[in-house]
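In case you want the letters, here they are:
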Amino acid sequence: SGVGVGRPVLYSLASYGEKGIVRMVHMLQDELQMVMRLSGCPTVQSITEAHVITRNLADHIVPLPADHLTEGTYMPLMAAARL
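Definitions and cut-offs
- Residue positions are given per chain, counting from 1 as you read along its sequence in written order.
- Only residues with pLDDT of at least 70 are given local features in this predicted model, and only at 80 or more are side-chain atom pairs given and counted; all residues enter the totals for whole chains, interfaces and linings.
- Derived side-chain values reflect all non-hydrogen atoms in the structure, with water molecules and hydrogen atoms excluded from consideration.
- Strands here mean DSSP runs of E at least two residues long; helices mean DSSP runs of H or I at least four residues long; both are numbered from the N terminus.
- Put simply, the radius of gyration uses C-alpha atoms, and a globule should come to 2.2 Å times the residue count raised to 0.38.
- Per-residue accessibility, obtained with a 1.4 Å probe over protein chains only, is compared with the maximum for each type, and a residue is labelled buried under 20%, exposed over 50%, and partly exposed between these values.
- When charges are counted, Lys and Arg contribute as positive and Asp and Glu as negative, whereas His and the chain ends are disregarded.
- Lysine's charge is taken at NZ, arginine's at CZ, aspartate's at CG and glutamate's at CD.
- In this scheme, patches are assembled from residues that exceed 30% relative accessible area and form no salt bridge. Like charges are connected within 9 Å, while nonpolar side chains (Val, Leu, Ile, Met, Phe, Trp, Tyr) are connected within 5 Å.
- For the area figures, the Shrake-Rupley method with a 1.4 Å probe applies, and any residue is considered shielded solely by the protein chains shown.
- Salt bridge, as applied in this entry: a Lys or Arg side-chain nitrogen positioned within 4 Å of an Asp or Glu carboxyl oxygen.
- Take the residue count of a helix, subtract one, and multiply by 1.5 Å to get its expected span.
- A residue's bend is the angle separating two fitted axes: one through the seven residues that end there, the other through the seven that start there.

K.L.:
Go over the overall build of the protein with me, naming the residues and quoting the values.
P.N.:
Counting secondary structure elements, the protein contains two helices and zero strands. Over its C-alpha trace the protein gives a radius of gyration of 20 Å, far above what one expects of a compact globule, namely 12 Å for 83 residues. Across its three principal axes, the protein shows a C-alpha extent of roughly 60 × 35 × 25 Å. Looking at the protein as a whole, 6% of its 83 residues are labelled buried. Counting 6 positive and 7 negative side-chain charges, the protein places the centres of these two groups 4 Å from one another.

Right under this line is the structure:
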């Protein structure tokens, strides 16, 4: 199985070209290595289902803070049919 990393690849390629892709891959490798060390997994093969959150994902999503300046300053766009 695998993990989708489409957006980071596209952003890196669009912003920095080949060097951006290389840097992004190194960053992903560093992050995976750090998480594996923190969870006590010496190899990728030692990662089990117990290490992966698969239920109640909504409980683990951090909500974005409210932007009161934008909400109070700009009027929301209305559909053309309502104009």
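So, next bit.
K.L.:
Give a description of the environment of glutamate 71 that names residues and reports values.
P.N.:
Here glutamate 71 is to be found in helix H2 (residues 68–73). Take glutamate 71: its relative accessible area is 55%, and that puts it in the exposed class. Considered as a pair, glutamate 71 and isoleucine 53 are 18 residues apart in the sequence and their alpha carbons are 34 Å apart.

K.L.:
Describe a nonpolar patch on the surface, naming the residues involved and giving the relevant values.
P.N.:
There is a patch of nonpolar side chains on the surface, built from Leu32, Val44, Ile47 and Val52 and spanning about 310 Å² of accessible area. Along the chain, valine 52 turns up in the loop between helix H1 (6–39) and H2.

K.L.:
For H1, give the residues involved together with the corresponding values.
P.N.:
The end-to-end C-alpha distance of H1 is 25 Å, clearly below the 50 Å that 34 residues give at a rise of 1.5 Å each. The sharpest bend along H1 comes to roughly 140°, located at tyrosine 16. Taken together, the buried positions of H1 are occupied by Ser12, Gly20, Met24 and Met36. Looking at the residues trailing H1, positive phi occurs at glycine 40, about 80°.

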